[in-house]
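Residues per chain, in single letters:
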Amino acid sequence: MATRWGIVGAGKISHDFLTAMGTLPSGEHRVVAVAARDKERAGEFAKLHNVEKVLNSYEDLAKDVEVEVVYVGVIAPAHREMVKLMLTNEKAVLCEKPLGLSLAEVTEMVELARQKNVFFMEAVWSRTFPLYAALTERLSSLGQPCNMVLTFGQAGNHLPDQRLAWKKNGGGTVLDWGVYCIQMILHVFGPEMPSRVVASGLELNQDGVDVAISVALYFSGSRMATFITDLRVDLPCEAHISSTGGQVKVAAPFWCPPSIEVNGVREDFPLPSGAKHSFHFTNSQGLAFEAAEVRRCLKLGLKESPKMSLETTMIIAQVQQEIMNQLGIDYKE
């Protein structure tokens, strides 16, 4: 039986998600409904992606008995409201990252999902890539991971016409890009809250969001990780892991990577093929892995994904909150 999806938002990421889903075996996924602020745009979206119906409101989608699981693809400041609406109506939810704008928001959503006893997952699609599972296996033969260095920078995102330049969009790097860096560190070191977080950065922009930051995370067992993010310039966007038995490089972009190198030996991991439409974002074909993981979890009756647990989501939010506290970032101001 097909997994029955409802889609919240008809923007670029929702387009890429359904385009990637279209590469999966026919009959596994069925897109029942879409709802968006602009119903005309939702209608065009539905026509392109063969969505069965366009609903008048998000409330209608939440109450639609045919919808089994909801993909939330709107901007981060709207996540809390949409997630609470869907969970309250006992829909399973896959919500884009960053899940919330603060630790308080994330905690509220996670607690509601547990109270309602429904599936809930932050859409950290990286965790569902086969390469990430292979990375764990390769590292197991290299002794103790001791040090990690990651970068995430894409030029021009600080400019006034860019989404990430503005607080109303959940802008800056600590949430939108920091989530990728932190999740990769936790993937290697395990779901453990760092014993110490040390963050520094440039002066916040005119709207109060960060432009460039450097963060050091210290873990038990004398392990540490450093990540750098920058809205202004391109950075390598690789992840480097140094273990007692060697080194691993996760190729750019490390959050949706095509390959890894273990002690200099490269190993490629192909992405799904056969998409009917073009993608807006790099390697979005990999969103198919995420859709497949949600289906797997629902079929097994799981309430969260072992690949991206709610425990991990909470630790990410705690680290992000500590960084924001140290840098004076507050999305409620």
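(A) Spatial organisation of the overall build of the chain. Helix and strand counts for the chain stand at nine helices and 14 strands. The C-alpha atoms of the chain give 19 Å as radius of gyration, which agrees with the globular expectation for 333 residues (20 Å, within 12%). Overall size of the chain, expressed as C-alpha extent along the three principal axes, is 55 × 45 × 40 Å. The 333 residues of the chain split such that 56% are buried. Once local pairs closer than 6 in sequence are excluded, the contacts in the chain between residues at least 24 apart make up 70%.

(B) Molecular detail of the nonpolar core. Judged by nonpolar contacts, the single largest core of 87 residues is most densely connected at Trp-5, Met-184, Phe-227, Phe-254 and Ile-323. Residue contributions to this core peak at nine residues, all from helix α7 (residues 178-189). One finds Leu-55, Leu-85, Leu-112 and Leu-310 within the second-largest nonpolar core, a separate group that totals 30 residues.

(C) Focus on the sheet that holds strand β7 (residues 145-153). Strand order in the open sheet formed by eight strands is β8-β9-β10-β7-β11-β12-β13-β14, and the pairing between neighbours is mixed. The open sheet is flanked by β8 (196-201) and β14 (265-268), the only strands paired with a single partner. Strand after strand, the sheet turns through a mean of 15° between neighbouring axes, direction not considered. Here strand β12 (residues 246-250) runs beside strand β13 (residues 259-262); their pairing, made up of three bridges, is antiparallel. When the sheet's bridge partners are listed, Val-250 is paired in β13 with Ile-260. On top of the sheet, α7 reaches β7, β9 (212-219), β10 (223-230), β11 (239-243) and β12; it is set at about 165° to β7, its chief contact.

(D) Structural context of the packing of aromatic side chains. Under the counting rule described, the total for this entry stands at eleven aromatic pairs. Residues Phe-152 and Trp-255 carry aromatic rings whose centres are separated by 3.8 Å and whose planes lie at 10° to one another, so their mutual orientation is stacked. Of the two residues, Phe-152 sits in strand β7 while Trp-255 sits in the loop between β12 and β13, which places them 103 residues apart along the sequence. Overall, the relative accessible area of 7% leaves Trp-255 in the buried class. An aromatic cluster is present here, built from Phe-152, Trp-177, Tyr-180, Phe-254 and Trp-255 joined pairwise through their rings. The ring of Tyr-218 has Arg-196 sitting right over it, with the charged end atom 4.1 Å from the ring centre. Positioned above the aromatic ring of Phe-189, the side-chain terminus of Arg-223 is 5.0 Å from the ring centre.

Thresholds applied
- Throughout, a residue's number is its position along its own chain's written sequence, starting from 1.
- Side-chain atom pairs in this predicted model are given and counted only at pLDDT of 80 or more, local residue features only at pLDDT of at least 70, and totals for whole chains, interfaces and linings cover all residues.
- Remark: hydrogens and water are excluded; side-chain values derive from all non-hydrogen atoms of the structure.
- Every helix listed is a DSSP run of H or I at least four residues long, and every strand listed is a run of E at least two residues long, numbered separately from the N terminus.
- We compute the radius of gyration from the C-alpha atoms alone; for a globule the expected value is 2.2 Å times N to the 0.38, where N is the number of residues.
- Relative accessibility thresholds used throughout: buried, under 20% of the residue-type maximum; exposed, over 50%; partly exposed, between the two (1.4 Å probe, protein chains only).
- Contact between two residues is taken to exist if any of their heavy atoms lie within 4.5 Å; hydrogens are not considered.
- Buried Ala, Val, Leu, Ile, Met, Phe, Trp, Tyr and Cys residues that are joined via side-chain atoms within 4.5 Å together make up what is termed a nonpolar core.
- Here, any two strands with at least 2 DSSP bridges between them count as paired.
- To define axes, lines are fitted to C-alpha atoms, for helices over the stretch in contact only, and angles between the resulting N-to-C directions are given on a 0 to 180 degree scale.
- Whether two aromatic rings pair depends on their centres lying within 6.5 Å, for rings of Phe, Tyr and Trp, where Trp uses its six-membered ring; planes under 30 degrees apart make the pair stacked, over 60 edge-to-face, and the rest tilted.
- Only when the NZ atom of a Lys or the CZ atom of an Arg is both within 6 Å of the ring centre and within 35 degrees of the ring normal do we say a charge sits over the ring.

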